[in-house]
Amino acid sequence: MTELSKTGAVVDERPGTSEPRAFLDVRDLKVHFPTDDGLVKSVDGLSFQLEKGKTLGVVGESGSGKSVTSLAIMGLHRLGARGRHVRMSGEIWLDGKELVNADPDEVRRLRGREMAMIFQDPLSAMHPYYTIGSQIVEAYRVHNKVSKQVARRRAIELLDRVGIPEPAKRVDAYPHEFSGGMRQRAMIAMALVNNPELLIADEPTTALDVTVQAQILDLIRDLQKEFGSAVVIITHDLGVVAEIADDILVMYGGRCVERGPVDKLFYEPQHPYTWGLLGSMPRIDREQTDRLIPVKGQPPSLINVPSGCAFNPRCPYADVPKGGITRTERPELREVASGHFSACHMAQEERTRIWTEEIAPKL
Amino acid sequence: MTNEPTRTNDPLLKVEGLVKHFPIKKGLLQRQSGAVKAVDGIDFEVRRGETLGVVGESGCGKSTMGRLITRLLEPSGGRIEFDGTDITHLSTGGMRPLRRDIQMIFQDPYGSLNPRHTIGSIVSAPFRLQGVEPEGGVKKEVQGLLERVGLSPEHYNRYPHEFSGGQRQRIGIARALALKPRLVVADEPVSALDVSIQAQVVNLMDDLQDELGLTYVIIAHDLSVIRHVSDRIAVMYLGKIVELADRTSLYQAPMHPYTKALMSAVPVPDPRRRGAKSERILLKGDVPSPIAPPSGCRFHTRCWKATEICRAQEPPLLELAPGRRVACHHPENAPDQAPGDPALASAGEAIEVVDATPKTAASPAVPEGPAPKKL
Ligand SMILES: Nc1ncnc2c1ncn2[C@@H]1O[C@H](COP(=O)(O)OP(=O)(O)OP(=O)(O)O)[C@@H](O)[C@H]1O
Ligand SMILES: Nc1ncnc2c1ncn2[C@@H]1O[C@H](COP(=O)(O)OP(=O)(O)OP(=O)(O)O)[C@@H](O)[C@H]1O
Ligand code: SF4
Ligand code: SF4
Ligand SMILES: [Mg+2]
Ligand SMILES: [Mg+2]
């Protein structure tokens, strides 16, 4: 049986309590981008905790703020890499240090050594004019005083571990000479080169075939075992989270709508959006269906966020009576079982009933 | 199969002996020191109105094959016929009239979108380039397209870097579908999308196929998605097609050992079956290099069934059952093509079979707890 992990067990959601409560403690994080059309509220009040040695799987809508959150933790928004004058608030605690208001140089020192990220888009993260090898060497030498030869050997070793054939030959290739999955693996090698304590992996295996995927997941597990790293894995592949995560966080419209131990999320999910996700996947362990069933409606605008529950316009249960709570009231994350949180106005008995009677039998 | 009787029976796309080698250059003089044999002699056909799925190991040449048949790359050898016309060596100019008919959705959305153009202008580009004026105007048409792939009109004036990964992928899809092409090669079209939008895009592609009779070649790693969308599936390994079959046979009774290993490694979305897959075949051998592929059968260095003949002779892609082509001397679920051949020493060590709680695929192990019956 999956044991209940500690990562989600913190009940206290009050922002502003100044002591960090976990190795990674994100509190009431907001990341907004001003654009010509209005303020894009990409992340709008997100809180979660993660302990060392644990893996948090982040799933959710495309465009719900998963990558923006990761970049915020890595301190990459301030570089102006994405967006003009990003507005950020809230707190991000890593190993006892607060990062949102920290000195950028301090954050830069942490990045690459204590924390590293595997980016969703390998091409955007790698420099087209430098060879794969020289980029890994550079990443290693920034934090380690070693000769080029030593660093090169380390680069080849890592390319080998991520399964690049003939790494000693391919190390001098340019990114465009690698296949999509090879670029992704090269980036994984770059992220792992300094054995980070926090690894954020944004869609680390989407470009990989299932056999290499299994190998990469093993590699991440090894890293975790060897160095006790905390891992955040963002993915659309629910098979991957089922395989590797201790806890799952489900995002929708810049917020967390449900969070809890992986077993609960698959067997007793407590949010209509999570149900929608589980219902729309094609499943290889089931009979073939004719048509997939997406969640109805369009993703929410992040500029004119619906007041109240962001999922309201698409939720089949929006009209279920909520004991006097109005549509314009925003549901907060509430604990429904130990370590399991959901942001929905429906009464818990009602949700459990709907899940068991209406949703689960159809999956 | 979606092959409608009203259509002519000749294939829309016919590929013969297709080859692409990328030279590797070394040193100051840029001397050629070898070549990456990305695609190394493949034959297949794509029927009108069907969806051909393409799967295979990362780096085995899928994207290269896609770029060759859309003629974004110049083949090193072989022949490509589109709708009866030989397009193997057509120049950019010669391809122009066909650009409308043949479109590609790229695997790396970031690399394929011009960062200085707004989404509106990126998706309207095909209309401008081909001089097409849709009813109601380009802008309206483009906004409609954006909406169909799950983007909103508020995205029209934004730039690629302001989008999430999945949104960028949808931009590529909208652009490719803009002119209602006849053949769409989609390289990982839904891998960056959440499962709900994935379902929406898959359904959209399905609808367009019904409405317009589109033909798809879909490259993807997600075998659940591939099973859902494809009529037939080609499995590639190191620049070759090793198996080509209709989806039901392929999933129920794979013939090539590599296909079998691939099928067994699919992660199942069920945390209670973690580490308890009924028989997962882990390939232990190193992934061979396309610079110097193994002799004989290219899979022999990792295959648990490999025998002497596998190292010496390349197995031809043969039709071992109606509509099923396989390149293997000792296929699964089919008669052995070279019985009695002595096994290779490496075969004994090639794989690790992890098995536990062998439940059938359709009924996952459900331990104690108040869990619903099915998930
Ligand atoms: N620089 C920016 N300017 C304006 N909007 C932005 C910017 N960067 C991101 N966004 C918007 O913020 C939202 C969240 O983006 P993010 O990349 O975090 O999504 P995601 O959850 O990672 O999605 P995906 O699964 O598709 O990768 C998106 O709607 C995106 O359009
Ligand atoms: N422009 C190029 N120059 C040199 N080698 C290349 C080039 N493009 C691709 N290759 C090589 O060709 C091989 C096949 O690459 P391709 O991109 O077709 O693989 P793929 O099957 O699409 O893999 P993935 O699933 O990882 O996307 C790889 O070894 C790759 O490194
Ligand atoms: S709060 Fe209402 S609209 Fe939101 S998920 Fe719950 S039932 Fe649906
Ligand atoms: S049995 Fe021989 S021919 Fe068939 S896949 Fe294995 S090595 Fe190749
Ligand atoms: Mg993202
Ligand atoms: Mg590819």
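As the structure is a computational prediction, the values presented were derived from the model and not from experiment. (Residues numbered from 1 in each chain as written. Chains lettered and ligands numbered in written order. Predicted model: local features only at pLDDT ≥ 70, side-chain atom pairs only at ≥ 80, totals over all residues. Heavy atoms only, no water.)

(A) Seen up close, the overall build of chain A. Within chain A one finds twelve helices and twelve strands. At 21 Å, chain A has a C-alpha radius of gyration in line with the 21 Å of a compact globule built from 363 residues. Seen through its C-alpha atoms, chain A measures out along the principal axes to roughly 70 × 50 × 40 Å. Taken across its 363 residues, chain A has 61% of its residues classed as buried. Within chain A, residue pairs in contact and separated by at least 24 positions form 65% of the contacts whose partners lie at least 6 positions apart. For chain A, the accessible area works out to roughly 14300 Å², and carbon and sulfur atoms hold 51% of it. (Helix = DSSP H or I, 4+ residues; strand = E, 2+ residues; numbered from the N terminus. Rg over C-alpha atoms; globule rule 2.2 N^0.38 Å. Buried < 20%, exposed > 50% of the residue type's maximum accessible area, 1.4 Å probe, protein only. Contact = heavy atoms within 4.5 Å. Areas by Shrake-Rupley, 256 points an atom, 1.4 Å probe, with all protein chains shown as cover.)

(B) The overall build of chain B, seen in detail. Of the regular secondary structure elements, chain B holds eleven helices and 14 strands. Put simply, chain B has 375 residues, and 58% of those count as buried. Within chain B, residue pairs in contact and separated by at least 24 positions form 66% of the contacts whose partners lie at least 6 positions apart. Within the structure as shown, chain B displays about 15100 Å² of accessible surface, and the carbon and sulfur contribution to it stands at 50%.

(C) Structural context of the coordination of the magnesium ion (ligand 6). Bound to the magnesium ion (ligand 6) are the protein donor atoms B:Ser63 (OG) and B:Gln107 (OE1), situated 1.9 to 2.2 Å from the metal. With B:Ser63 in helix H1 (residues 62–69) and B:Gln107 in the loop between strand E6 (102–105) and helix H3 (109–112), this pair connects stretches of sequence that are 44 residues apart. (Donors = N, O, S within 2.8 Å, 3.2 Å for Na, K, Ca; no water.)

(D) Representation of the site of ligand 1 in the model. Taken together, 24 residues lie near ligand 1, and A:Ser42, A:Ser62, A:Gly63, B:Ser164 and B:Gly166 sit nearest. More than one chain lines the surroundings of ligand 1; the residues nearby belong to chains A and B. In this structure, an oxygen atom belonging to ligand 1 sits 2.6 Å away from a side-chain N or O atom of A:Ser62. A distance of 2.9 Å is found between an oxygen atom of ligand 1 and a side-chain nitrogen or oxygen belonging to B:Gln167. Of all the elements in the fold, those that place two or more residues in the shell around ligand 1 are strand E1 (24–35), strand E2 (38–50) and helix H1 (66–73) of chain A together with helix H6 (165–177) of chain B. Considered class by class, the residues forming the shell around ligand 1 number five nonpolar, 14 polar and five charged. (Near = heavy atom within 4 Å. Polar contact = N/O pair within 3.5 Å; in protein donor to acceptor, adjacent residues only side chain to side chain. Nonpolar A, V, L, I, M, F, W, Y, C, P; charged D, E, K, R; others polar.)

(E) Local environment of the interface of chain B and chain A. Taken together, the contacts link 80 residues of chain B with 82 residues of chain A. Between chain B and chain A lies a buried interface of about 6600 Å² when both sides are counted; carbon and sulfur atoms form 53% of it. The shortest N-O distance in the salt bridge between A:Arg291 and B:Asp207 comes to 3.1 Å. Summed over the shared surface of chain B and chain A, the result is 15 residue pairs in polar contact (both at pLDDT 80 or more). Secondary structure elements with two or more residues in the side of chain B that touches chain A: H3, H6, helix H7 (195–212), helix H8 (223–229), helix H9 (247–252), helix H10 (257–264) and strand E11 (280–283) of chain B. Ranked by residues supplied to the side of chain B that touches chain A, first place goes to H7(B) with ten residues. Its residues assigned to classes, the side of chain B that touches chain A comprises 37 nonpolar, 20 polar and 23 charged. (Buried area = accessible area lost by both parts, 1.4 Å probe. Salt bridge = Lys/Arg side-chain N within 4 Å of Asp/Glu carboxyl O.)

(F) View of the domain arrangement of chain B. All names here are of chain B. As far as domains go, chain B holds domain 1 (50–71 + 88–231) and domain 2 (254–355). Inter-centroid distance (C-alpha atoms) of domain 1 to domain 2 is 33 Å. If you look at the interface, domain 1 gives five residues, while domain 2 gives six residues. Taken together, both faces of the contact between domain 1 and domain 2 bury some 460 Å²; the carbon and sulfur share is 64%. Where domain 1 packs against domain 2, one counts one salt bridge. Remark: the boundary between domain 1 and domain 2 carries two residue pairs in polar contact (both at pLDDT 80 or more). Contributing elements (two or more residues each) for the side of domain 1 that touches domain 2: strand E3 (51–56) and H8. (Domains from an automatic or database assignment.)

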